Amino acid sequence: MNDQTPITRIKGIGEKTEKLFRKLDIATVGDLIRYYPRDYEDFEEPVPISAASPGSVCAVRACVVGIPNLRQGRNLSILNVTLRDASGGMQLVFYNMPFLKSLLKSGGFYIFRGLVKTRGRTLLMEQPRLFSETDYAKLMSCIQPRYRLTKGLTNQAVQKAMKQALSFYAYETEYYPQWILERYDLESWRESLNGIHFPSDRDALARARRRLAFDEFFAFLFVLRQNKDLVKSIPNTCPIREVPETEAFLQAMPFALTRAQKRVWEEIRTDLKGPYSMNRLVQGDVGSGKTIVAVLALLACVCNGYQGAMMAPTEVLAAQHYETISQYTARYHLPFRPVLLVGSETADRKREAYARIAGGEVNLIIGTHALIQEKVVYHSLGLVVTDEQHRFGVRQREKLADKGGNPHVLVMSATPIPRTLAIILYGDLHLSVIDELPANRLPIKNCVVNTSYRPKAYEFLARQVSYGHQVYCICPMVEEGELEDVENVTDYTRKLQSALPPQITVACLHGKMRPAEKSRIMEEFAAGRIQVLVSTTVIEVGINVPNATVMMVENAERFGLAQLHQLRGRVGRGEAQSYCIFISARENKETMERLEILNKSNDGFYIASQDLRQRGPGDLFGIRQSGEFAFRIGDIYTDSLLLQQAAEAVERLLDRDPSLETPENAPLKAHLCRIGSESVDFRSI
Ligand code: ADP
Ligand code: MG
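Residues numbered from 1 in each chain as written. Chains lettered and ligands numbered in written order. Predicted model: local features only at pLDDT ≥ 70, side-chain atom pairs only at ≥ 80, totals over all residues. Heavy atoms only, no water.

A. Highlighting the site of ligand 1. The immediate surroundings of ligand 1 are formed by 18 residues, with Gly287, Lys290, Thr291, Arg441 and Arg573 found nearest. Ala256 has a polar backbone atom sitting 2.9 Å from a nitrogen atom of ligand 1. Here ligand 1 is seated within the second largest pocket. For the shell around ligand 1, the class distribution of residues is 6 nonpolar, 8 polar and 4 charged. (Near = heavy atom within 4 Å. Polar contact = N/O pair within 3.5 Å; in protein donor to acceptor, adjacent residues only side chain to side chain. 1 Å grid on protein atoms, 1.4 Å probe; cavity = no way out; pocket = protein on both sides within 12 Å on 5 of 7 lines; lining within 4 Å. Sits in = over half its atoms within 2 Å of the grid points. Nonpolar A, V, L, I, M, F, W, Y, C, P; charged D, E, K, R; others polar.)

What follows is the structure, encoded as structure tokens:
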């Protein structure tokens, strides 16, 4: 088996299971072995019953006392079992599992594992898992991987397929030269793959994780380094001179720029008229006002007779930028002639837009990455702004250069990254930072609560709506999944609609909806016709509805702090007091402490750095998938040292062998070429 082998070649994967795997974007063996676990489960030593502590998951080894008692209702059967060991007794309850009555022998010893509860003074487990001694001993000897699943596909099925794939996979030869493996103390790729899926212990897991994270960083930084050399000194072929219109616009606006916004605008102006093409990143926390700075640059661009383009990661955000800029245009008589270009437009409308762009009839093109598709021919492109999440790599630059000219590039990002890391990660860009929020903002009021607070929260939402404000409510899932206690948008919308007064309109928004439908919902919300928006994190990026004052996050424990901070950034954008309600379905100490950090601070940098201290490497990775660096395993915060090592490795390698020509580096070159076209594209990072 190799990367391209279809997963149907794995024993036990038939047509039906293949479809389920496809839902997880797994079609080949290569996809499967790179499908890393979501987290791991440790099967701990069984404890005496008297040591099983309520509220935690425990395993007990005990003897069944008497005959289990079965009550058979119409839709439900309940089986009660009494357990005993030398230290005490415990009750078990099984629902709709009547067959266990004959299976569990009186006087037999078994291992039961589940969440321990109390009923009065009795200890209780509901629906515990049942193991024989030998089965349990096997589980205890290694850490069990848990995968993200889809309905119909069990964790066991994924594990089984994974085991086969890993043992029949034709591992390629190690691609790093020996000195890299030694200097950075990396285990082989083969070991790391096995170690990430089926680690023998926590140490093995940490080693596997470290190697795979290094790989990701290395490949990313390798491409970055090449870009850096390519884009460093492109001559400025579209000089953008200062024009009176930008100052006039600023004078007419209802607010003045903050000092930080002014400084960044000055840096951009200097670039635009300078000797080289601009290549600048504007970094600023959520709500720091990046859009207006981009609009100023675009205004200067069109006043110089060029076209400007603004690219957003989602259609929803593109549509919002289009609205905002159209409003500015009308209100302040700006010379923009904008057009919105998104993938979901009809072919006719797109064709019409292409013609107007090519003819120079429009001078501002706003859209998703439809903007750089082959069919778009620009008349005179002078500046490209990319908002949130999009890196602008050489490939995109080349695409634009093919269309003529070398436009200036401005990238905007809200990912809070300390400067030392930013210099590595954005090596090909100049850096500007907006480190100040507009002065008119009231600090957001936060609270972290458990699910029993919901009725109160709903009352609070209803009251905020009655004052004319709007509400976001975030759930982690789109629809019902395997996981218990995890809210999904589809059911939650219904639940909330019936819990709130009928005159309040609740709508839902998620990534699986058609783009046109998403845009429509978002427009209705922006216009105030929808008061409560139940959504997945699709709204995390960039959305600006200043009238929204409440952000309620269900299952807050499932999100990374940086991501929660981004979500919180959707409120507190106007002058009204805003609120954030983080509802946690888990009440253990660590979760509460982690969420408490958000309660204490509103500073994105601080939060990101605390996120790092709270989660040791090897913890639930993949929790932080926000921002533009969606590395699958590597985490720029917790693995910052590794990131620096990977950067050093790339430098040393290229110093020795700039074009990887020596035989020693041939496998690495082949490896980077192979993955280069897929995973190291800037759009996907
Ligand atoms: P982000 O940096 O998150 O992209 P936006 O550019 O969307 O933030 O700005 C958030 C809100 O703040 C917008 O409604 C914008 O009009 C407003 N805003 C921007 N700059 C200022 C300022 N200097 N003073 C007051 N409000 C501002
Ligand atoms: Mg923004």
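We are not done yet, so read on.
B. Looking closely at the packing of aromatic side chains. In the structure shown here, the tally under the stated rule is 20 aromatic pairs. Ring geometry for Phe131 and Tyr136: centres 5.2 Å apart, planes at 65°, overall edge-to-face. Comparing Phe131 with Tyr136, the two get one shared label, buried. Between the NZ or CZ atom of Arg656 and the centre of the ring of Trp179, over which it lies, the distance is 4.1 Å. (Phe/Tyr/Trp six-rings, centres within 6.5 Å; stacked < 30°, edge-to-face > 60°. Buried < 20%, exposed > 50% of the residue type's maximum accessible area, 1.4 Å probe, protein only. Lys NZ or Arg CZ within 6 Å of the ring centre and 35° of its normal.)

C. Molecular detail of the sheet that holds strand S12 (residues 364-367). Taking strand neighbours across the sheet as the criterion, the 7 strands line up as S11-S12-S10-S13-S14-S9-S15 in an open arrangement whose pairing is parallel. Taken across any chain shown, the strands that pair with only one partner, and hence form the sheet edges, are strand S11 (338-341) and strand S15 (430-434). Shown here is a sheet whose adjacent strand axes are inclined to one another by a mean of 20°, direction ignored. Contacting strand S9 (279-284), strand S14 (408-413) and S15, helix H10 (residues 259-273) crosses the sheet at an angle of about 155° to S15. Contacts from helix H13 (residues 347-358) reach strand S10 (307-311), S11 and S12, with the element oriented near 140° to S11. (Pairing = 2+ DSSP bridges. Helix = DSSP H or I, 4+ residues; strand = E, 2+ residues; numbered from the N terminus. Axes fitted to C-alpha atoms, helices over the stretch in contact; angles between N-to-C directions. Contact = heavy atoms within 4.5 Å.)

D. How the structure looks around the state of the cysteines. This structure, assessed with the given rule, holds 0 disulfides. No disulfide involves Cys447; its nearest neighbouring cysteine sulfur is the one of Cys580, lying 8.4 Å away. For the unlinked cysteine Cys475, the closest cysteine sulfur is that of Cys473, found at 4.8 Å. (Disulfide = S-S within 2.5 Å.)

E. The arrangement of the layout of surface pockets in detail. By volume, the second largest pocket amounts to about 1,200 Å³. Residue assignment for the lining of the second largest pocket shows that the elements contributing at least two residues are helix H11 (290-303), helix H12 (315-332) and helix H18 (515-526). The element best represented in the lining of the second largest pocket is H12, accounting for 10 residues. Residue composition of the lining of the second largest pocket, grouped by class: 18 nonpolar, 15 polar and 10 charged. (Points joined across faces, edges and corners; volume = space filled by probe spheres on them.)

F. How the structure looks around the domain arrangement of the protein chain. In terms of domain boundaries, the protein chain breaks down into domain 1 (1-42 + 156-170), domain 2 (49-139), domain 3 (173-231 + 639-685), domain 4 (244-434) and domain 5 (445-619). Each of domain 1 and domain 4 has a C-alpha centre, and these two points are 42 Å apart. (Domains from an automatic or database assignment.)

G. Representation of the pairing of strand S6 (residues 122-126) in the model. Looking at chain direction, strand S4 (residues 88-95) and S6 are connected through 3 bridges and run parallel. For Gln91, the partnering residue across the bridge sits in S6 and is Leu124. Bridge count between strand S5 (residues 109-119) and S6: 4 bridges; the pairing is antiparallel. Bridge assignment links Thr118 to a residue of S6, and that residue is Leu123. Hairpin connection between S5 and S6: a loop of 2 residues separates the two successive antiparallel strands, and Gly120 in this loop has a positive phi of roughly 60°.

H. The confidence of the model for the protein chain, seen in detail. Confidence along the protein chain averages 86 in pLDDT terms, with 92% of residues attaining 70 or more. Taken together, the stretch residues 615-628 has pLDDT below 50 and engages in 43 contacts with residues farther than four places along the chain or on a different chain. Every residue in residues 678-685 is under pLDDT 50, and counting partners more than four places away or in other chains gives 26 contacts. (pLDDT = per-residue confidence, 0-100.)

I. Spotlight on the pattern of salt bridges. The tally for this structure, following the rule as stated, stands at 32 salt bridges. Residues Glu361 and Arg356 are paired through a salt bridge, measuring 3.3 Å at the closest nitrogen-oxygen approach. The class of Glu361 is partly exposed, set by a relative accessible area of 49%. Classification of Arg356 as partly exposed rests on a relative accessible area of 27%. Residues participating in the shared-partner salt-bridge network are Arg38, Asp39, Glu41, Glu44, Arg113 and Arg146. (Salt bridge = Lys/Arg side-chain N within 4 Å of Asp/Glu carboxyl O.)

J. Seen up close, the environment of Lys518. Within the secondary structure, Lys518 sits in helix H18. With 91 residues separating them in the primary sequence, Lys518 and Gly427 have C-alpha atoms 35 Å apart. Residue contacts for Lys518: discarding those within four places in its chain leaves Val316, Leu509, His510, Gly511 and Met513.

K. Summary view of helix H17 (residues 489-499). The complete set of buried residues in H17 reads Val489, Tyr492, Thr493 and Leu496. Buried positions in H17, seen along its axis, are confined to an arc of 105° and lie on one side of it. Of the exposed residues in H17, the ones pointing more than 90 degrees away from its buried face are Arg494 and Ser498. Contacts made by the buried residues of H17 are with helix H16 (454-466), strand S17 (470-474), strand S18 (506-509), strand S19 (532-535) and strand S20 (548-553). By the N-cap criterion, in which a side-chain oxygen at the helix start approaches the backbone nitrogen of a residue two or three places on, H17 is capped by Asn488, the distance to Thr490 being 3.2 Å. (Arc of directions from axis to C-beta.)

L. Spatial organisation of helix H22 (residues 640-656). Along its 17 residues, H22 runs 25 Å from first to last C-alpha, staying within 8% of the 24 Å computed at 1.5 Å per residue. Every buried residue belonging to H22 is among Leu642, Leu643, Ala646, Ala647, Ala649, Val650, Leu653 and Leu654, and all of these are buried. Axial view of H22: buried residues confined to an arc of 160°, hence all on one face. Those residues of H22 that are exposed and aimed more than 90 degrees away from the buried face are Leu641, Asp655 and Arg656. (Expected span 1.5 Å × (residues − 1).)

M. Fine view of the packing of H10 against H11. Direction vectors running N to C along H10 and H11 enclose 30°, while the axes themselves pass 10 Å from each other. In terms of axis orientation, H10 runs roughly parallel to H11. Handedness of the H10/H11 crossing: right-handed. In this structure, H10 uses Gln261, Val264, Trp265, Ile268 and Leu272 to contact H11, whose residues at the interface are Ile292, Val293, Leu296, Ala297 and Ala300. The residue makeup of the contact of H10 with H11, split by class, is 9 nonpolar, 1 polar and no charged. (Parallel < 35°, antiparallel > 145°, perpendicular 65-115°, else oblique. Left-handed = near helix turned anticlockwise from the far one by under 90°.)

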